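Breakdown of the fold
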There are 2 protein chains.
Amino acid sequence: MAGTDRRRKSEAADFCREDAPAIILVEPQLGENIGMVARAMLNCGLIDLRIVNPREGWDRDKAEKSSSGATMVLERARFYTSTADAVADLEIVYATTARPRDMVKPMVTPRQAATESVELATRKLKTGVLFGKEAKGLHNDDVALADAILHLPLNPAFASLNLAQAVLLIGYEWFTMNDETEGRYIPQGRGKAARPATKDEVIGFYEHLERELDASGFLRVEAKRPSMVRNIRNIFARIDLTLQEVQTLRGIVAFLANGRSGGPGKKDQD
Amino acid sequence: MAGTDRRRKSEAADFCREDAPAIILVEPQLGENIGMVARAMLNCGLIDLRIVNPREGWDRDKAEKSSSGATMVLERARFYTSTADAVADLEIVYATTARPRDMVKPMVTPRQAATESVELATRKLKTGVLFGKEAKGLHNDDVALADAILHLPLNPAFASLNLAQAVLLIGYEWFTMNDETEGRYIPQGRGKAARPATKDEVIGFYEHLERELDASGFLRVEAKRPSMVRNIRNIFARIDLTLQEVQTLRGIVAFLANGRSGGPGKKDQD
């Protein structure tokens, strides 16, 4: 079990980058929330957790439990007695807060902050994101330390998130900046026949189907036959069939045709 | 209080769209999770919650409590006895699950699904997203009903999210598709002097500063003066100063200069 745990941890760490933004929690109140933040961070490949003046007697055990196994983040967490100390080594700091009315400060979306963080990291500049205590948010003096306000675009009349969810959205934007998953793709299945069918294989199915439709009388009106054939081919052309699926469809046609003619017919064996 | 609640609800509803994707929870186990899903939905302007066979005796009170006020989503929730019934009126359905090994099915990212959902909505086509039960995920038969697998790009070695967090990320992508917040901007403050300073006002400050720097001897090396002035101007030119900030900076210069010369000098009054 220990071996499994160690392997799992090292794998999770493989997807974490030291140049990722630091997450700085200022005066967090509950161990559970710190643990859930650690979990959200590891979900998104973030590993640098900094905690400023947690409430005296916060529950480390509860933090571990609610981290769902993200103990590596908690083990590496560093503690500070002031926000200035916690951000001392960073070049650019974002503060998560509602727009402060009396400060002139750039506002950025999480996507913009992620874009900037990735670009800054290429220049060896390290960023961090400040989060205030659960209900009250950040002190204005901490906000004044930041280069920009990071504001989450959500339902303006119902925007309150818990701490871990805010970390998750911001970390998710950072993670997806570095992620190269295509927006939409069809993954290759297992086995030889899981590969995409060639056009020759697909056309073989079309011709098989059309022979049976001719035999059954479905295409009996000669004038309409060409457009009907095209419409039917267009239905199947949208599917991006695998070889296996072509074989399945030919089997369906053969069995339906056999049912009609009674028993497997020789014409289906091509 | 009731009035406040009602107003708050109606405001939150103003940012919800009927053409937003439906969220379909299949066999959810815990009332708390249903409540947290409702909260995440309202955060993201989603209002159409559908629940298939919740565990017998799930706790409606706990759902309300954990919804943090998103009761309007719970009140509108519809219940079904099969997934097929729950998706019957939808045109396109996404299934959230790990990649199924034995199915050939397109994989989409949350951003792609959001892009598609917005585009489909313009054609009056309605989408939905299926979520399986907390630990086990979706049945393969439910996945087979879906048009595509929606896969969250997260740390592959530590990707597990709770139900509400998965809903939040997917809803967030949908909400930001419709959100026009600029990536980075400086909001206008309150009051007359909160407006951006004109170049004339900024140059007035530069000249004021440079007069005092001449008087103090800081710019005494004539050959270096032009480049030093340009460097100093470039520091302040990066700030995008407001009029109020220009006034603050001029006050700073005047007071520092007065400290040196003893008492406010007439030359600072221009």
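Cut-offs and rules
- Along every chain, residues carry numbers that run from 1 in the direction the sequence is written.
- Each chain gets a letter, beginning with A, and each ligand a number, beginning with 1, in the order they are written.
- Where local features are concerned, this predicted model is filtered to residues with pLDDT of at least 70; where side-chain atom pairs are given and counted, the filter is 80 or more; whole-chain, interface and lining totals use all residues.
- As a rule here, side-chain values cover all heavy atoms of the structure and leave hydrogens and water aside.
- Relative accessibility thresholds used throughout: buried, under 20% of the residue-type maximum; exposed, over 50%; partly exposed, between the two (1.4 Å probe, protein chains only).
- Numbered from the N terminus, helices here are DSSP runs of H or I no shorter than four residues, and strands are runs of E no shorter than two.
- A pair of strands counts as paired when DSSP detects no fewer than two bridges linking them.
- Crossover handedness is defined by viewing with both strands directed away from the observer: a clockwise path from the first strand over the helix to the second marks the crossover as right-handed.
- Pairs of residues are marked as contacts when any of their non-hydrogen atoms sit within 4.5 Å.
- Polar contacts here mean pairs of N or O atoms no more than 3.5 Å apart (in protein, one a potential hydrogen donor and the other a potential acceptor; neighbouring residues in sequence count only if both atoms are side-chain atoms).
- The copies were overlaid with a least-squares fit restricted to C-alpha atoms from residues scoring a pLDDT of at least 70 in each copy.
- Domain start and stop points were drawn from an automatic or database domain assignment.

**Structural notes on the pairing of strand S1 (residues 22-26) of chain B**
Residues and elements named next belong to chain B. Among the 5 residues that make up S1, 5 are buried, leaving the element largely enclosed by the rest of the structure. Two strands pair when backbone bridges link them, and S1 and strand S2 (residues 49-52) are joined in this way by 4 bridges, in the parallel orientation. Across the sheet, the residue bridging to Ile23 is Leu49, located in S2. Each parallel crossover has a hand, and the one from S1 via helix H2 (residues 31-43) to S2 is right-handed.

**So, the environment of B:Asn53**
All names here are of chain B. Relative to the elements of secondary structure, Asn53 occurs in the loop between S2 and helix H3 (60-66). The spacing of Asn53 and Pro28 is 25 residues in sequence and 7.5 Å in space, taken between C-alpha atoms. Apart from the residues lying within four places of it in its own chain, the contact partners of Asn53 are Glu27, Pro28, Tyr80 and Thr81. A polar side-chain atom of Asn53 sits 3.0 Å from the main-chain carbonyl oxygen of Thr81.

**Observations regarding the relation of the copies chain B and chain A**
Note on the identical chains: chain B maps onto chain A by a rotation of 180° and an axial translation of 0.0 Å, with an RMSD of 0.1 Å. Put plainly, the chains are arranged around a two-fold axis.

**Here we look at the side chain of B:Thr83**
Mapped onto the elements, B:Thr83 comes out in helix H5 (residues 83-86). Under the relative-accessibility criterion, B:Thr83 is labelled buried at 6%.

**Considering the domain arrangement of chain A**
Partitioning chain A into structural domains gives domain 1 (2-177) and domain 2 (192-269). Taking only C-alpha atoms, the centre of domain 1 of chain A and the centre of domain 2 of chain A are 57 Å apart.

**Focus: unusual backbone geometry**
Residue and element names in this part refer to chain A. Although it is not a glycine, Glu27 sits at a positive phi angle of roughly 55°. Note that Glu27 resides in the loop between strand S1 (22-26) and helix H2 (31-43). Phi angles above zero are rare outside glycine, and Lys124 is one such case at about 60°. As for its placement among the helices and strands, Lys124 is situated in the loop between helix H6 (110-122) and strand S6 (127-131). The class for Lys124 is exposed, based on a relative accessible area of 75%.

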